[in-house]
Amino acid sequence: MNRFAVTLATQLIAAIPAAAPLIEAAMRAEPGVVSGDVSLAMQLDLLLLSPFLAVVDDETLGETLAKGPFLIVIDGLDECEDKRAVEELIDHILKFFEEHPTIPLRIFIASRVEQHIRACLETDGVVLANLDSHSARGDIEKFLEVSFATVAKKDRVVKAYVRTRGSWPTESDKRKLVEHINGSFVLASTMFKYIVQPPTKEDPATPMERLPLTLEMNGLDGLYSQTLTHSQHLPHFRNIIYTIALLKRALPIVKISNILGIEAFEVVRVLLNLQAIIHVPGTDEEGEVTLCHTSLRDFLTTESRAGHYFVPLSFHLYLSYYHFSSIVGGDIFFFTTDFTDHWRTFSESNYHDFHTAIEQFKARQPLLVNRVSYHLFLCSMFFYSFIGNRFRLLNNDSYMLTECANQLMLAAEFADPHTRHWLEQPLLFAGPLLRTVNARFTEHTCEALQHDLQCASNAIQAPFLGVLERRPPSTGKEKEFVTELSRVSGTDIFNALEWMVARAHFKWEALKVTPRPPLKLSVRWTYNLQSILSFETGVEWRR
């Protein structure tokens, strides 16, 4: 929900232009409200609630408020994956209304029944209603009647058919269609789009021929499967569908093609046959490709429903890499933390084996061309996972560190043309979990890091003379190593790993114990997004 408050602020400005300077001032004073580096509660306060309060208190909305309070509609709250953020949103809004009970603002939330949402809303000041008790049949009948009448006036094929055969669809056809839809407005809308979509080479059927086909489909799943068959034979079909289904932010056609390293026309060719279920913008550069309904994402990401169209969540790993490659490669139009957002979704998912997915990813990379070396990517992301306190991966403390160092060595030896840029230019990573984590640092881990760092140093010195000399090598006497997650370059990663090796040797020499015991490497965070690495003094690792 990183962009939720920003979206609401945009709508607030559109409804109340007087709020614009207040929101702009808040953004200048605290840039983190836009980048998502502050809490959702703070974002809501600075971008929405405080500006609204200020405008209302200024009495500039007298005539408008005479018509009634302002209304914010939040639809599909259950579709947000971050349950903690949803709870924070609801709790903060309820607290706001407790403090300002007479504020001329109402919030309407439409959501499926989810325990974490219902538990927050079952309180005074909230009116709960069951929308299932409302029959949508009448609305669906009216929608289909008006929509088909509009098509009959504009579509030349339908107009010619009506002149020859009479009205279309017949009352019997409409009645059967309404019965088949069975009260689902989403299904009604999607089926109508499928029936009247323009014919293509792959699907030249007319609306009159498609209507009886919809009556044979098994709800939305049948419609989705039937529609996807029209493009499944085209090049890049799976990567395009996977990308659209899992992207954190909707993108125009040209940016999707840039992510995948293909031509824009190849994306268009796939999407033109899918307009019944995917919104396709009128131009390649402007407008965003979006799903007509989020139920399509649910379908695609559920293997038992989608079958061979199933989109594995492990594809977030590839999207993370594609975004990373675009940023390091110089395409600056992407939100700079998208690559970490996709990495976190991949790494924290329980639906695949992390290590297996990483090895499969490595095996595929030689097939990809014109991309930043995947060694640079993996080195950065393993380091991010370690110092960013991503708990699931810390079940194997040494894996991330040794893999990080190994990928750093391979990146240096690979001589990618983007390596210097990666070494010198910091990347912006998404914020960490603000807590302390202890990792087990063994002599074996230390030796592996030392070997790979020496190889990396030798490989870097030749083509990138002077890059590593800008900071003196660690002696091991420095008790802590401090880095900022908001600014991490390849050289920062090298320096952090080098400090670990030097500091561990220093600690072991001070302990004078053989064999050398595992050490406790502590990673803690400050609220200004600095990570502090340290080996706890005089304490060895104990399980």
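Let me sum up the structure you'll find in this document. (Residues numbered from 1 in each chain as written. Predicted model: local features only at pLDDT ≥ 70, side-chain atom pairs only at ≥ 80, totals over all residues. Heavy atoms only, no water.)

On to the pairing of strand 5 (residues 437-441), then. Looking down a regular strand, the side chains alternate between one sheet face and the other. Of the two faces of strand 5, only one is covered, namely that formed by V437, A439 and F441; the face formed by N438 and R440 stays uncovered. Bridge analysis of strand 5 against strand 7 (residues 519-525) gives five bridges, and the strand direction is antiparallel. Paired with R440 across the strands is K520, a residue of strand 7. (Buried < 20%, exposed > 50% of the residue type's maximum accessible area, 1.4 Å probe, protein only. Helix = DSSP H or I, 4+ residues; strand = E, 2+ residues; numbered from the N terminus. Pairing = 2+ DSSP bridges.)

For the coordinates displayed, the defined rule picks out 31 aromatic pairs. Ring centres of F96 and F97 lie 5.7 Å apart, and the angle between their planes is 70 degrees; this geometry places the pair in the edge-to-face category. We classify F96 as buried; its relative accessible area is 6%. On the basis of relative accessible area, F97 is assigned to the partly exposed category, the value being 22%. Its guanidinium or amino end placed over the ring of Y194, R210 lies 5.9 Å from that ring's centre, counting from NZ or CZ. (Phe/Tyr/Trp six-rings, centres within 6.5 Å; stacked < 30°, edge-to-face > 60°. Lys NZ or Arg CZ within 6 Å of the ring centre and 35° of its normal.)

Once that is clear, we can look at the side chain of S257. For S257, the position within the fold is in helix 15 (residues 253-260). In this structure the side chain of S257 is engaged in a polar contact, spanning 2.6 Å, whose partner is the backbone oxygen of V254. Leave out the neighbours within four places in its chain, and S257 touches I262, E263, A264 and V267. (Polar contact = N/O pair within 3.5 Å; in protein donor to acceptor, adjacent residues only side chain to side chain. Contact = heavy atoms within 4.5 Å.)

Where helix 9 (residues 156-165) starts, the residue carrying a side-chain oxygen 2.9 Å from the main-chain nitrogen of V157 turns out to be D155. Positive phi shows up at G166, right after helix 9, with a value of about 100 degrees.

Turning next to the side chain of N273. With respect to the helices, strands and loops of the structure, N273 is situated in the loop between helix 16 (264-271) and strand 3 (278-279). Looking at N273, the relative accessible area reads 4%, which means it is buried. At 3.1 Å, the side chain of N273 forms a polar contact with the side chain of S231. Discounting residues that sit within four places of it in the chain, N273 has contacts with Q197, T200, E202, T227, H230, S231 and L234.

Another aspect to go through is the pattern of salt bridges. Taken as a whole and assessed by the stated rule, the structure comprises 14 salt bridges. The shortest N-O distance in the salt bridge between D203 and R210 comes to 3.2 Å. One exposure class covers both D203 and R210, and it is buried. Where D341 meets R249, a salt bridge forms, and the shortest distance between an N and an O atom there is 3.9 Å. Highlighted residues: D341 in helix 20 (residues 338-347) and R249 in the loop between helix 14 (237-246) and helix 15, separated in sequence by 92 residues. The same class applies to D341 and to R249, which are both buried. (Salt bridge = Lys/Arg side-chain N within 4 Å of Asp/Glu carboxyl O.)

So, about unusual backbone geometry. With an omega dihedral of -5 degrees, the bond running from W168 to P169 counts as a cis peptide bond. Inspection of the secondary structure puts P169 in the loop between helix 9 and helix 10 (171-181). With an omega of -5 degrees, the peptide bond between T514 and P515 qualifies as cis. Within the secondary structure, P515 sits in the loop between helix 26 (490-511) and strand 7. One non-glycine residue with positive phi stands out, namely N182, at about 55 degrees. Note on placement: N182 falls in the loop between helix 10 and helix 11 (185-196). One non-glycine residue, H236, adopts positive backbone phi at about 70 degrees. Inspection of the secondary structure puts H236 in the loop between helix 13 (219-228) and helix 14. Judged by its relative accessible area of 33%, H236 falls in the partly exposed class.

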